[in-house]
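Spelled out from the first residue to the last, the chains are:
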Amino acid sequence: MNYSEVLDFLYSALPMYQKVGKPAFKKDLSNTRALCKQLGNPEQKFKSIHVAGTNGKGSTSHMLAAVFQANGYKVGLYTSPHLKDFRERIKINGEMMPEEKVVGFVMKNRDFIDELKPSFFEMTVGLAFQHFAEEAVDVAIIETGLGGRLDSTNVITPEISIITNIGFDHMDMLGDTREAIAREKAGIIKPGVPVVVGESHPETDHVFRATAIDQGSDIFFSQAYQEVLTELWETDLGNPYQKANLTTAMSAVFVLKNLLNWPLDRDKSREGLKNVVKLTNFKGRWQKLNDKPLTICDTGHNKEAFEYIVPALEGLSSGRLFMVLGFVKEKKVSEILSMLPQNAYLIFCQAKIPRAFPLDELKAVVNQHGLGAEYISDVNEAVDWANTLAKPEDVIFVGGSTFVVAEIENL
């Protein structure tokens, strides 16, 4: 099998959350543990940092990776989903896992994969962990996929656990209250391992405190230090919610350096934060695609993300705002639609995945909100249409779903 054939096998043979949604989510860690055992338990052969949360976990993970890289560490980074290339999920010092290693892993373990039938995500976790172990990384930043307690990544014992925030996402699997969702995310807190919580909230703080006490873990709430930390540090990630993520990441660095004695130089860490995109090849978060008109894409896809995105867009220009948006079926689309500016020119599209919110159904919801809009299925055709209408001083935003951003041609 070549690399293309291996990808076809993985996408077709293993249930993939991005394509099928809930059926790909396993309710226990037995498959991941079985796969790791088959691989010689690679998750025990490198140090790690575990990052969970509703929003911001990807950005926080990339910030931490950049800080460690700038300090001279060999850094593994596991994130999901990918935008253009499957191997974006598994990087070392910003370099994607080589194609031949993906092929070698699948060929060597094909019989076991056929027998176990893990999910796409479970298999990818095993692949990443083996790659990091074989390449002897100094530390790996591991982002959860969904939740925490039952997430396939939750077989590691990290140096520190990080929970960025709690919002209403994936409620069909994680619970319908902040408290219930927090309990799932708190499942990454391990005995004696410090935990940093990014965002304080009266409905969730007690959950994290209680879990930390149960596990004998020190707990740090970083939001209390946001004003101080964001005066001291800055990052090249421009999206409007990075202030909170920056605070979370630097609180984790503080704990690693001062509580766990990791050598992390202040000036080198500062340089890392200023060069996150260059060091980690980060894409899709408040990424500028064009100057005139200013065109920005962002993978934020829920109410909490749009609470930051909309005000930031309105503050960018006195010109007109064009929004090219598409969603997936499980999202509370009505909540996002109610937040959109009344004077924005809306163009709705549909990503080419089974979970995409169909345009005919979306049109009915949009009409209920009294919004005027156009409907162009293809993402790039929708962006082209916005460009024909927009003046140089206008702003075009593309988002609503990771999968909409992933289909942008010039990303």
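Since this is a predicted model, take the numbers as computed values, not measurements. (Residues numbered from 1 in each chain as written. Predicted model: local features only at pLDDT ≥ 70, side-chain atom pairs only at ≥ 80, totals over all residues. Heavy atoms only, no water.)

1. A few points about the nonpolar core
Consideration 1: One finds Leu10, Tyr78, Phe86, Leu127, Phe129 and Phe132 to be the most contacted residues of the largest nonpolar core, which totals 37 residues.
Consideration 2: Listed by contribution, the elements that provide at least two residues to this core are α1 (3-13), α3 (30-38), β3 (90-92), α5 (99-116), α6 (120-134) and β5 (139-143).
Consideration 3: Here this core takes 9 residues from α6, the largest share from any one element.
Consideration 4: Beyond its immediate chain neighbours, meaning those up to four positions away, Leu10 contacts Phe86, Val106, Phe120 and Met123.
Consideration 5: One finds Ala66, Phe68, Trp233 and Ala249 within the second-largest nonpolar core, a separate group that totals 31 residues. (Core = buried A, V, L, I, M, F, W, Y, C linked by side-chain atoms within 4.5 Å. Buried < 20%, exposed > 50% of the residue type's maximum accessible area, 1.4 Å probe, protein only. Helix = DSSP H or I, 4+ residues; strand = E, 2+ residues; numbered from the N terminus. Contact = heavy atoms within 4.5 Å.)

2. Observations concerning the side chain of Gln242
Consideration 1: Counting through the fold element by element, Gln242 comes out in helix α11 (residues 242-258).
Consideration 2: There is a polar contact of 3.0 Å between the side chain of Gln242 and the side chain of Ser59.
Consideration 3: Once residues lying within four places of it in the same chain are set aside, the contact partners of Gln242 are Ser59, Met63, Thr235 and Leu237. (Polar contact = N/O pair within 3.5 Å; in protein donor to acceptor, adjacent residues only side chain to side chain.)

3. Points about the sheet that holds strand β8 (residues 219-221)
Consideration 1: Taken together, 8 strands build an open sheet; the order of strands is β4-β3-β2-β5-β1-β6-β7-β8 and the sheet is mixed. Looking at strand neighbours, the two that pair on one side only are β4 (95-96) and β8, the edges of this open sheet.
Consideration 2: In the sheet, strand β1 (residues 48-52) pairs with strand β6 (residues 160-163) via 4 bridges, with the strands oriented parallel. Within β6, the residue paired with His50 across the bridge is Ser161.
Consideration 3: Lying on the sheet, α6 is in contact with β2 (75-78), β3 and β5; it crosses β3 at an angle near 15°. (Pairing = 2+ DSSP bridges. Axes fitted to C-alpha atoms, helices over the stretch in contact; angles between N-to-C directions.)

4. Some details on the pairing of strand β10 (residues 294-298)
Consideration 1: The buried count for β10 comes to 5 of 5 residues, which makes it a mostly enclosed element.
Consideration 2: Between strand β9 (residues 287-290) and the antiparallel strand that follows it, β10, lie 3 residues.
Consideration 3: In terms of strand pairing, β10 meets strand β14 (residues 395-399) through 5 bridges, oriented parallel. When the bridges of β14 are listed, Leu294 appears paired with Val395.

5. What about the pattern of salt bridges?
Consideration 1: This structure, assessed with the given rule, holds 13 salt bridges.
Consideration 2: A salt bridge links Lys303 to Glu307, with the nearest nitrogen and oxygen atoms 2.9 Å apart. You can see Lys303 and its partner Glu307 sitting in helix α14 (residues 303-314), 4 residues apart, about one turn around the helix.
Consideration 3: The class of Lys303 is partly exposed, set by a relative accessible area of 28%.
Consideration 4: It is possible to trace a salt-bridge network through shared partners that takes in Lys74, Lys101, Glu134 and Glu135. (Salt bridge = Lys/Arg side-chain N within 4 Å of Asp/Glu carboxyl O.)

6. Considerations on the packing of α1 against α5
Helices that pack against each other are described as a pair by the angle of their axes relative to one another and the distance between those axes.
Consideration 1: Viewed as axis vectors pointing N to C, α1 and α5 meet at an angle of 45°, and their least axial separation amounts to 9 Å. For the element pair α1 / α5, the angle class is oblique. Crossing of α1 against α5: the hand is left-handed. In this structure, α1 uses Tyr3, Val6, Phe9 and Leu10 to contact α5, whose residues at the interface are Glu99, Val102, Val103, Val106, Arg110, Ile113 and Asp114.
Consideration 2: In terms of residue class, the contact of α1 with α5 is made up of 8 nonpolar, no polar and 3 charged. (Parallel < 35°, antiparallel > 145°, perpendicular 65-115°, else oblique. Left-handed = near helix turned anticlockwise from the far one by under 90°. Nonpolar A, V, L, I, M, F, W, Y, C, P; charged D, E, K, R; others polar.)

7. Comments concerning the packing of aromatic side chains
Consideration 1: Tallied over the full model, the rule gives 13 aromatic pairs.
Consideration 2: For the ring pair Phe68 and Trp262, a centre distance of 5.5 Å and an interplane angle of 85° mean the geometry is edge-to-face. In this pair, Phe68 sits in helix α4 (residues 57-70) while Trp262 sits in the loop between α11 and α12 (266-274), placing the two residues 194 residues apart along the sequence.
Consideration 3: On the basis of relative accessible area, Trp262 is assigned to the buried category, the value being 9%.
Consideration 4: Geometrically, the ring pair formed by Phe327 and Phe348 is tilted, given 6.3 Å between the ring centres and 40° between the ring planes. With a gap of 21 residues between them, Phe327 in the loop between β11 (321-325) and α15 (333-337) and Phe348 in strand β12 (residues 345-348) connect regions that are remote in the sequence. For the residue pair Phe327 and Phe348, the accessibility class agrees, reading buried in each case.
Consideration 5: Between the NZ or CZ atom of Arg110 and the centre of the ring of Phe9, over which it lies, the distance is 4.1 Å. (Phe/Tyr/Trp six-rings, centres within 6.5 Å; stacked < 30°, edge-to-face > 60°. Lys NZ or Arg CZ within 6 Å of the ring centre and 35° of its normal.)

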